[in-house]
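# Survey of secondary and tertiary structure
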Amino acid sequence: AARQSSRSRRANFRGDVVTLVAGFNYDGGVCLCSDSEVNVYAEESVIKADALKIDHFQGDWGMTAFAASGNLVLAAHAFNACKKALLQAPKKTAALSAIEKILKYEYEETVWKNPVASSDVSLPYELLVAFCKKGQRPSLHFTQENTLNPIGSYHPLGNGRDSCHSTVRQAFSSSMS
């Protein structure tokens with residue numbers, strides 16, 4: 001019998017794996033949070049480890065922070081592409097527009113154009129992006145594949161999003177401080 005690739009075994013594995021990142025807009029600014037567990041797939045099992053799913057950087061234009069869900073390797077690659085471009089950008093750069101273009105390009109190249117995209121369900125990732133231009137109120141956005149979308153109050157990502165919605169919806173108000 002033909003040996004099944006580890007990628008297709010990973011796609012077929014069904015375990016108790018939950019991941020969650022969430023972003024909140026509130027009176028005091030924005031808040032990104034995440035669980036710290038990362039799942040590494042090995043054969044028919046999942047190895048669990050602790051790792052950061054949130055990172056940030058700042059430049060002359062302001063500051064941005066990202067939280068990732070899904071394929072953390074590809075998400076980190078997209079974050080680093082944004083960081084590299086913006087740290088070299090002049091102060092007057094339209095940084096949020098640059099982030100949007102970079103994220104669109106990175107998702108299309110690493111997920112959609114990946115040769116195994118049609119069979120590897122582990123490729124997609126989602127990002128929360130907090131952005132603050134110097135002297136302005138921060139804004140919060142989420143990616144949906146290759147698009148960057150604004151968030152009104154809060155937005156969870158990952159396969160734990162339904163649990164987050166059912167918990168947060170009852171108590172969260174953007175007027176909290």
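Fair warning: this is a prediction, and the values are worked out from it, not measured in the lab.

All chains considered together, the criterion is met by eight aromatic pairs. Relative to Phe79, the ring of Phe57 lies with its centre 5.5 Å away and its plane at 70°, an arrangement referred to as edge-to-face. Of the two residues, Phe57 sits in strand 5 (residues 54-59) while Phe79 sits in helix 2 (residues 72-87), which places them 22 residues apart along the sequence. One aromatic cluster is present, formed by Phe57, Trp61, Phe66, Phe79 and Phe131 through successive ring pairs.

Below, the discussion takes up the sheet that holds strand 1 (residues 21-26). An order of 2-1-10 is seen for the three strands of this open sheet, with the pairing classed as antiparallel. Where the open sheet ends on each side, the last strands, each with one partner, are strand 2 (29-34) and strand 10 (154-157). When the angles between neighbouring strand axes are averaged without regard to direction, this sheet yields 10°. Relative to strand 2, strand 1 runs antiparallel, the two being bridged by six bridges. Bridge assignment links Gly23 to a residue of strand 2, and that residue is Leu32. Helix 4 (residues 161-168) contacts strand 1 and strand 10 of the sheet and is inclined by roughly 150° relative to strand 10.

Turning to the pattern of salt bridges, a few remarks are in order. In total, this model carries five salt bridges according to the counting rule given. In this structure, Glu109 and Lys113 form a salt bridge, with 3.0 Å as the shortest nitrogen-oxygen distance. Of the charged contacts, one joins Glu126 and Arg161 as a salt bridge, the two residues approaching to 2.9 Å between their closest N and O atoms. With Glu126 in strand 7 (residues 125-133) and Arg161 in helix 4, the pair connects residues that are 35 residues apart, well separated along the chain. Using a relative accessible area of 28% as the deciding quantity, one classes Arg161 as partly exposed.

Rules and cut-offs
Residues numbered from 1 in each chain as written. Predicted model: local features only at pLDDT ≥ 70, side-chain atom pairs only at ≥ 80, totals over all residues. Heavy atoms only, no water. Phe/Tyr/Trp six-rings, centres within 6.5 Å; stacked < 30°, edge-to-face > 60°. Helix = DSSP H or I, 4+ residues; strand = E, 2+ residues; numbered from the N terminus. Pairing = 2+ DSSP bridges. Axes fitted to C-alpha atoms, helices over the stretch in contact; angles between N-to-C directions. Contact = heavy atoms within 4.5 Å. Salt bridge = Lys/Arg side-chain N within 4 Å of Asp/Glu carboxyl O. Buried < 20%, exposed > 50% of the residue type's maximum accessible area, 1.4 Å probe, protein only.

Keep in mind these numbers describe shape, not what the thing actually does.
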